[in-house]
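Examining the three-dimensional arrangement
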Amino acid sequence: MSAAKALIYLALWAALIALCSYLAPYCGNDLRYMLIEGTDDLVNSVGDVFISQYRHYFDWGGRTVNHVIAQLLLYLDKPGQSIIQGLTFALLVWAIAAAGAGRWRVRQPLYPLIFITLMLWLCLRNFGEVVINMVSSANYLYSTLLVLIFLIPFRQSLRCAQDKRSWAIALLMFPLGIIAGWTNENTGFAAVCAVGLYNLKLLYEKRLTAWQFTGGIGLLIGYVLLMAAPGNEARMEFMEDKGFNFWDHFIHNSLEIVGFSLVTQHLLLISAAWLLYLLKRYELLRRPSPEVKGGYFLCAVGFLSLLIMLASPTIPARSAAPFTIFVTAGVLCFYQELHDRGIAVLPRPAAVFLCFAGLVFTVLTAQNAVRGYAQARLDNQVRGMEIVTQLRAGQKDLVLSPFNVQRSRYIYLAELRTDKTHWANAIAARFYRVNTVVSRCDPPAQTRPNDFVYFAPIGHPACSVKSEAQP
């Protein structure tokens, strides 16, 4: 019965994510990746996707794996995209549970699944952008899932002196390693460091096996392909031409953003600290078990993925997603050790109350998110009629109405501005093949960080600046 409850629970989450994905309008980079790179032509085949990413590799960046996923998803119809999106989120939750337990089991206990989804819902920065938006989810939801799946065998190998597996696994780990390393700069760096150091330790102790070697080599090759992309240099030169200065950005932006990202993870960090306290109290840290070592391993990947962003020229809030995902898995490793030894993490009434309170809050915020996306979908249909009307009138400078919903941590909308040079406006103008696209007014400035906006205002124009649009 517990297995059935777990499957029903995951199915409900998959349905929620699929529904939000279906209702969410295309915006911002979604429109860009619907086009073949370097042209204004729509992607009309799988071949167009690979042509586009070949050009993208040389013109703008090396995240080929992520953007192939993004363009393939956008090539599908909305219902197909949405179903895949929901199933992928459910698979991520299952994979985090598998990493925490160290077992590829279908029947996951319910409580760890509740903990995972609550940590993702409450701590994952810009949840709507990372999980719902197509292009951003390809860069963080899908890519982090690929890296996590690749790392689970390494987490499992901590349980034995020498983890020998078949040559089929050794051959499979090589391409999986390339894919995992070729996904994301910060996650790839963390995985390369963790696996590289672990493999060097095994090599020194003469315990390195074939699959660990092929996986590590593949991972390194994938990361080199990612970082060596000529498009990375081209993008950096473009930023510097716009006046970007790395050291000024590091001092005035990077430290603050990374620090604030850690603040937003307070519930997750408190959970980690509490479990480590219990492990120390019962003297389980003196000689760490494989479960504790697994927790250290996964948490190290999470922290490295966030801290390496200090060396990045840009630090979007969504880049903290791998931290949340890997540290959640690491915390579950600590929990697994306590659970296996019969040590209660919390009194049962307290655990039930916290789960109940968290799920009630989730239901309330989720219904607001669904309503918000439904409103955005309706507003986007109105925009579509405005675009058709203006194009038929021969206009090449489009002026569109704002959405009647504002952003929250769960609702992501790349709003248009009155400034025709704003990045979202420029992409929209290219997509619709016009000179400019602008909004009638600017979205309101938020009074608090988006991470702490749990309920979006719905039903009123999202305008705070009443101004004439400048076509």
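Our structure is the block above this text.
The text that follows walks through the structure, step by step, so that each part is easy to find. In this numbering scheme, every chain counts its residues from 1 along its sequence in written order. Whole-chain, interface and lining totals are the exception, using all residues; otherwise, since this is a predicted model, local features are given only for residues with pLDDT of at least 70 and side-chain atom pairs are given and counted only at 80 or more. Excluded from the side-chain calculation are hydrogens and water; included are all heavy atoms of the structure.

**Some words on the overall build of the protein chain**
This is how it is decided: Strands here are runs of E lasting at least two residues and helices are runs of H or I lasting at least four, both read from the DSSP assignment and numbered beginning at the N terminus. What the globule rule says is 2.2 Å times the number of residues to the power 0.38, and the radius of gyration is computed from C-alpha atoms. Throughout, exposure labels follow a simple rule: accessible area from a 1.4 Å probe, protein chains only, divided by the maximum for the residue type, with under 20% read as buried, over 50% as exposed, and the rest as partly exposed. In what follows, residue pairs with any heavy atoms lying within 4.5 Å of each other are defined as contacts.
When helices and strands are counted, the protein chain shows 18 helices and 4 strands. Relative to its length of 471 residues, the protein chain is compact, with a C-alpha radius of gyration of 23 Å against a globular reference of 23 Å. With the C-alpha coordinates of the protein chain rotated into their principal frame, the extents come out at 75 × 50 × 45 Å. Burial statistics for the protein chain: of 471 residues in total, 54% are counted as buried. For the protein chain, contacts bridging at least 24 residues in sequence account for 79% of all contacts bridging at least 6.

**A look at helix H17 (residues 348-392)**
The following threshold applies: How far a helix is expected to stretch is found by multiplying one less than its residue total by 1.5 Å.
A rise of 1.5 Å per residue sets the reference length of H17, with its 45 residues, at 66 Å; its end C-alpha atoms lie 65 Å apart and thus fit the reference within 8%. Positive phi appears at Gly394, one or two residues downstream of H17, with a value of about 85°.

**A look at unusual backbone geometry**
The backbone of Glu283 shows a phi angle near 55°, a positive value even though the residue is not glycine. Position of Glu283 among the secondary structure elements: in the loop between helix H14 (266-281) and helix H15 (290-307). Exposure remark for Glu283: the relative accessible area of 54% places this residue in the exposed category. Located in the positive-phi region is Arg433, a residue other than glycine, with phi close to 60°. Here Arg433 lies in the loop between helix H18 (423-432) and strand E2 (436-439).

**Remarks on the side chain of Thr64**
Note on placement: Thr64 falls in helix H4 (residues 64-75). Overall, the relative accessible area of 16% leaves Thr64 in the buried class. Residues in contact with Thr64, not counting those within four places in the same chain, are Gln53, Tyr57 and Trp182.

**Notes on the pairing of E2**
Rule in force here: What makes two strands pair is DSSP finding at least two bridges between them. Handedness rule for crossovers: strands pointing away from the viewer, path from the first strand over the helix to the second running clockwise, crossover right-handed.
Residues Thr436 and Val438 line one face of E2 and the alternating positions Val437 and Ser439 line the opposite face, and both faces are buried. With 4 bridges joining them, strand E1 (residues 397-400) and E2 adopt parallel strand pairing. Bridging across to E2, Val399 finds its partner in Val438. As for the winding sense of the linkage, the β-α-β connection from E1 through H18 to E2 is right-handed.

**Concerning the environment of Phe115**
Within the secondary structure, Phe115 is located in helix H6 (residues 110-123). Residues Phe115 and Val49, 66 residues apart in the sequence, show an inter-C-alpha distance of 37 Å. In contact with Phe115, not counting residues within four places along its chain, are Leu268, Ser271, Thr328, Val331 and Leu332.

**Points about the environment of Leu306**
Among the secondary structure elements, Leu306 is positioned in helix H15. In the structure, Leu306 is positioned 225 residues away from Gln81 in sequence and 29 Å away in space, judged by C-alpha atoms. Sequence-distant contacts of Leu306, that is, excluding residues within four places in its chain, are made with Val258, Ser261, Leu262, Ala320 and Phe323.

**Notes on the packing of aromatic side chains**
Threshold: Aromatic pairs are defined between Phe, Tyr and Trp rings, using the six-membered ring for Trp, whenever the two ring centres lie within 6.5 Å; interplanar angles under 30 degrees are classed as stacked, those over 60 as edge-to-face, and all others as tilted. Counting as a charge over the ring demands two things of the Lys NZ or Arg CZ atom: a distance within 6 Å of the ring centre and an angle within 35 degrees of the ring normal.
In total, this model carries 21 aromatic pairs according to the counting rule given. Among the aromatic residues, those joined into a cluster by ring pairs are Trp13, Phe89, Trp121, Phe127 and Tyr410. Between the NZ or CZ atom of Lys78 and the centre of the ring of Tyr26, over which it lies, the distance is 4.8 Å. The residue whose ring lies beneath Arg383 is Phe403, and the NZ or CZ to ring-centre distance is 4.1 Å.

**Focus on the pattern of salt bridges**
Note the cut-off: Any Lys or Arg side-chain nitrogen located within 4 Å of an Asp or Glu carboxyl oxygen qualifies as a salt bridge.
All chains considered together, the criterion is met by 14 salt bridges. As a salt-bridge pair, Arg32 and Glu37 come within 3.8 Å of each other at their nearest N and O atoms. Here the two residues Arg32 and Glu37 agree in accessibility, since each one is buried. Where salt bridges share partners, they join Arg155, Arg159 and Glu291 into one cluster.

Interpretation note: all reported values are geometric properties and have no functional meaning in isolation.
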